[in-house]
Amino acid sequence: MSLIYNFKEHGLYFDKEDDGVPKVYISINTLELIFDLTTGTLIGVQGFLPLVRALISKIDLPDVIEKAYRLAKDDLKECKCNEVYEFSDLKPETQKNFENVPIKFDNEKGIILIGQNLNESELGIRINKNVICGVDQKDILRCLYIIPDRFIQAS
């Protein structure tokens, strides 16, 4: 599976659907975080993500640990399969990290940053080859580093 960013549509999507996993979609603005509904594990991202307004800047990836980023079962207890919910409704403490924060884009490295920059003491959690979650010491989501496999340019 490849993550693609399409400048024509301003869309971020996978080239083929992951099959068989019951999913719930949790949105941060127009971006959807895809969670496995049974485990609460983040498995990917997709959605409308207009980089035309992004701040072009150099982005360095944080030091990372390999583990899952999960929402607690209580956070998802009211969620239904294939439905979309607002992240700040489930986790209000995250809203300050994504509200009024410009999207950043490193067009040389092909990295997109959504949310607050991490402090030096904070680590990233590598979800897969395309997504790193930045969390604080209390495991509150601060940012997302998104690394698409491919970019489709506007004509």
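The structure contained in this document is the topic of the report that follows. (Residues numbered from 1 in each chain as written. Predicted model: local features only at pLDDT ≥ 70, side-chain atom pairs only at ≥ 80, totals over all residues. Heavy atoms only, no water.)

1. Here's the deal with the side chain of T94
Alright, step 1. One can find T94 in the loop between α2 (87-90) and α3 (95-98).
Alright, step 2. At a separation of 2.7 Å, a polar atom in the side chain of T94 contacts the main-chain carbonyl oxygen of K91.
Alright, step 3. Not counting chain neighbours up to four residues away, the residues in contact with T94 comprise F87, S88, I140 and L141. (Helix = DSSP H or I, 4+ residues; strand = E, 2+ residues; numbered from the N terminus. Polar contact = N/O pair within 3.5 Å; in protein donor to acceptor, adjacent residues only side chain to side chain. Contact = heavy atoms within 4.5 Å.)

2. Quick look at the pattern of salt bridges
Alright, step 1. In the structure shown here, the tally under the stated rule is seven salt bridges.
Alright, step 2. In this structure, the salt-bridge partner of D60 is K109, at a minimum N-O distance of 2.8 Å. On the criterion of sequence distance, the pair formed by D60 in the loop between β6 (55-56) and β7 (64-66) and K109 in the loop between β9 (104-106) and β10 (111-115) is long-range, its members being 49 residues apart.
Alright, step 3. The partly exposed category is assigned to K109, whose relative accessible area is 43%.
Alright, step 4. Among the ionic pairs, K91 bridges to D75, the shortest N-O distance being 3.1 Å. Of this pair, K91 sits in the loop between α2 and α3 while D75 sits in helix α1 (residues 73-76); the two residues are 16 residues apart in sequence, bridging distant segments of the chain.
Alright, step 5. Of the residues examined, D75 reaches a relative accessible area of 18% and is grouped as buried.
Alright, step 6. When salt bridges that share partners are traced, they join K58, D60 and K109 into one network. (Salt bridge = Lys/Arg side-chain N within 4 Å of Asp/Glu carboxyl O. Buried < 20%, exposed > 50% of the residue type's maximum accessible area, 1.4 Å probe, protein only.)

3. Describing the sheet that holds strand β1 (residues 3-6)
Alright, step 1. Pairing is mixed in the open sheet, where seven strands are placed in the order β8-β3-β4-β5-β2-β1-β14. One side of each edge strand has no neighbouring strand; the edge strands of this open sheet are β8 (84-86) and β14 (150-152). Across this sheet, the average inter-strand angle for adjacent strands is 30°, counted without regard to direction.
Alright, step 2. Sheet analysis places strand β4 (residues 31-36) next to strand β5 (residues 42-48), joined by five bridges and oriented antiparallel. Its bridge partner being in β5, L33 is matched across the sheet by V45. (Pairing = 2+ DSSP bridges. Axes fitted to C-alpha atoms, helices over the stretch in contact; angles between N-to-C directions.)

4. Some words on the layout of surface pockets
Alright, step 1. The volume enclosed by the largest pocket comes to roughly 280 Å³.
Alright, step 2. Forming the boundary of the largest pocket are 15 residues, of which N29, L49, P50, V101 and I103 lie nearest the centre.
Alright, step 3. Each residue belonging to the lining of the largest pocket can be placed in one class, and the counts come to 10 nonpolar, four polar and one charged.
Alright, step 4. Size it by volume and the second largest pocket reaches roughly 230 Å³.
Alright, step 5. Lining the second largest pocket are 16 residues, and of these D60, L61, P62, L118 and Y145 sit closest to its centre. (1 Å grid on protein atoms, 1.4 Å probe; cavity = no way out; pocket = protein on both sides within 12 Å on 5 of 7 lines; lining within 4 Å. Points joined across faces, edges and corners; volume = space filled by probe spheres on them. Nonpolar A, V, L, I, M, F, W, Y, C, P; charged D, E, K, R; others polar.)

5. Side note on unusual backbone geometry
Alright, step 1. Not every positive phi belongs to a glycine, and H10 is a case in point at roughly 60°.
Alright, step 2. Even without being glycine, N29 reaches a positive phi, approximately 60°.
Alright, step 3. By secondary structure assignment, the location of N29 is in the loop between β3 (23-28) and β4.
Alright, step 4. Looking at N29, the relative accessible area reads 57%, which means it is exposed.

6. Focus on the sheet that holds β7
Alright, step 1. The strand order across the open sheet formed by seven strands is β6-β9-β10-β13-β12-β11-β7, and the pairing between neighbours is mixed. Here the strands that pair on one side only, and so sit at the sheet edges, are β6 and β7.
Alright, step 2. Where strand β11 (residues 124-128) and strand β12 (residues 131-135) come together, four bridges link them in antiparallel fashion. Bridging from a neighbouring strand, G124 pairs with G134 of β12.

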